[in-house]
Amino acid sequence: MTVTLAAILSLITGLIGAVFGHVLSEKKSRNDELAKMRLDAYTDFLKATSLLVSARRSGITQDEIAELAALNDAKARICVCAGAAVVEALESFWLQGGTLEKEQEIIAYTNLCRAMRESLGRDCLTYQIRLSDILFRLEPSTYSFRNDDA
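Counting starts from 1 at the beginning of each chain's written sequence and moves along it residue by residue. Local features in this predicted model are restricted to residues whose pLDDT is 70 or higher, and side-chain atom pairs enter the listing and the counts only when it is 80 or higher, whereas totals over whole chains, interfaces and linings include all residues. Note that water and hydrogens are dropped before the side-chain values are worked out from all heavy atoms of the structure.

With respect to the overall build of the chain
Next up, step 1: Each helix and strand counted, the chain has 5 helices and 0 strands in total.
Next up, step 2: Beginning at the N terminus, the succession of helices and strands in the chain can be written as α-α-α-α-α.
Next up, step 3: Think of it in three bands: residues with accessible area under 20% of the maximum for their type are buried, residues over 50% are exposed, and the middle band is partly exposed, with areas taken using a 1.4 Å probe on protein chains only. Within the span of the chain, comprising 150 residues, buried residues form 24% of the whole.
Next up, step 4: The contact rule is simple, with two residues in contact once any of their heavy atoms fall within 4.5 Å. Considering only contacts within the chain whose residues lie at least 6 apart along the sequence, 52% involve residues at least 24 apart.
Next up, step 5: Here the open area of atoms and residues is found with the Shrake-Rupley method and a 1.4 Å probe, where only the protein chains shown may cover a residue. Of the roughly 11000 Å² that the chain leaves accessible, carbon and sulfur atoms contribute 59%. Numbered from the N terminus, helices here are DSSP runs of H or I no shorter than four residues, and strands are runs of E no shorter than two.

The structure is reproduced here in structure tokens:
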């Protein structure tokens, strides 16, 4: 009787282990897909925002339909697959104007980038790192237009 009981317990334990492993594997697969979808949405949003801001700074104020569609698509995907902190930062940036022309828009965009970074599992950047300078300063502080050959 004890051999039969031991075999049944082994079978049940093996079955529970297999089910548990399958559930964890499925969850990891879903999380991996969601992380890829989130990264793609962030990338597309950053690219579309950069294109539109560059165009506006160059004096091109008539936005192309395709550029606006890409931006709205990326925003929608962020709203669907990102965490609450990123969606709130996106809302703040968008309600500030979303053009990166004013200081509060730049701060909101910087906070959005920080939230995106954290949502991807990266370390929280300290505020000693001037992320807005990295994002918006056109040349490094040591850059010079002077030619040394002159």
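Looking at the nonpolar core
Next up, step 1: Definition used in this section: a nonpolar core is a set of buried Ala, Val, Leu, Ile, Met, Phe, Trp, Tyr and Cys residues joined via side-chain atoms within 4.5 Å. Formed by 22 residues in total, the largest nonpolar core has its most connected members in Phe-45, Ile-78, Val-86, Phe-93, Leu-112 and Met-116.
Next up, step 2: Of all the secondary-structure elements, those providing two or more residues to this core are helix 1 (2-57), helix 2 (65-81), helix 3 (84-96) and helix 4 (103-119).
Next up, step 3: Beyond its immediate stretch of four places on either side in the chain, Val-86 contacts Tyr-42, Ile-78, Leu-112, Ala-115, Met-116 and Ser-119.

Let's talk about the environment of Lys-47
Next up, step 1: By secondary structure assignment, the location of Lys-47 is in helix 1.
Next up, step 2: For the pair Lys-47 and Glu-67, spaced 20 residues apart in the sequence, the C-alpha separation amounts to 9.7 Å.

Quick look at the confidence of the model for the chain
Next up, step 1: Confidence of the prediction at every residue is given by pLDDT, a number between 0 and 100. Put simply, the chain has an average pLDDT of 82, and 81% of its residues get 70 or more.
Next up, step 2: By mean pLDDT, the top-scoring element of the chain is helix 3 (93), and the lowest-scoring one is helix 5 (residues 131-136) (64).

Focus on the packing of helix 3 against helix 4
Two quantities define a packed helix pair, namely the angle between the helix axes and the distance between the axes.
Next up, step 1: Taken N-terminus to C-terminus, the directions of helix 3 and helix 4 make an angle of 165°; their axes are 8 Å apart at the nearest point. Classed by the angle they form, the pair helix 3 and helix 4 counts as roughly antiparallel. Handedness of the helix 3/helix 4 crossing: left-handed. Every residue of helix 4 that contacts helix 3 at Ala-85, Val-86, Ala-89, Leu-90, Ser-92, Phe-93 and Gln-96 is listed here: Gln-104, Glu-105, Ala-108, Tyr-109, Asn-111, Leu-112, Ala-115, Met-116 and Ser-119. For every element, the axis is a line fit to its C-alpha atoms; helices are fit only across the contacting stretch, and the angle between N-to-C directions ranges from 0 to 180 degrees. In what follows, roughly perpendicular refers to angles from 65 to 115 degrees, roughly parallel to angles under 35, roughly antiparallel to angles over 145, and oblique to any angle outside these ranges. Two helices that cross are described as forming a left-handed crossing if the nearer one is turned anticlockwise from the farther one by less than a right angle, and a right-handed crossing if clockwise.

A word on the packing of aromatic side chains
Next up, step 1: Pairing of aromatic side chains requires ring centres within 6.5 Å, counting the rings of Phe and Tyr and the six-membered ring of Trp. Pairs whose planes differ by under 30 degrees are stacked, by over 60 edge-to-face, and all others tilted. Tallied over the full model, the rule gives 3 aromatic pairs.
Next up, step 2: Here the aromatic cluster, defined as three or more aromatic residues joined through ring pairs, consists of Phe-45, Phe-93, Trp-94 and Tyr-109.
Next up, step 3: Throughout this description, the term charge over a ring refers to an Arg CZ or Lys NZ atom that lies within 6 Å of the ring centre and within 35 degrees of the ring normal. Over the ring of Trp-94 we find Lys-75; its NZ or CZ atom is 3.5 Å from the centre of that ring.

With respect to the pattern of salt bridges
Next up, step 1: Basic side-chain nitrogens of Lys or Arg form a salt bridge, by our definition, when they fall within 4 Å of a carboxyl oxygen of Asp or Glu. On inspection of all chains with the given rule, the structure shows 4 salt bridges.
Next up, step 2: With a shortest N-O distance of 2.9 Å, Lys-36 and Asp-40 are connected by a salt bridge. Taken as a pair, Lys-36 and Asp-40 lie in helix 1 at a separation of 4 residues, close to a single helical turn.
Next up, step 3: Asp-44 is the partner of Arg-77 in a salt bridge, and the nearest nitrogen-oxygen pair spans 2.6 Å. Of this pair, Arg-77 sits in helix 2 while Asp-44 sits in helix 1, and the two are 33 residues apart along the sequence.

A short note on helix 2
Next up, step 1: Expected helix span is taken as 1.5 Å per residue step, with the number of steps being one fewer than the number of residues. Here helix 2 contains 17 residues, and its C-alpha end-to-end distance of 24 Å stays within 8% of the 24 Å for a straight helix at 1.5 Å per residue.
Next up, step 2: Buried residues belonging to helix 2 abut helix 1, helix 3 and helix 4.

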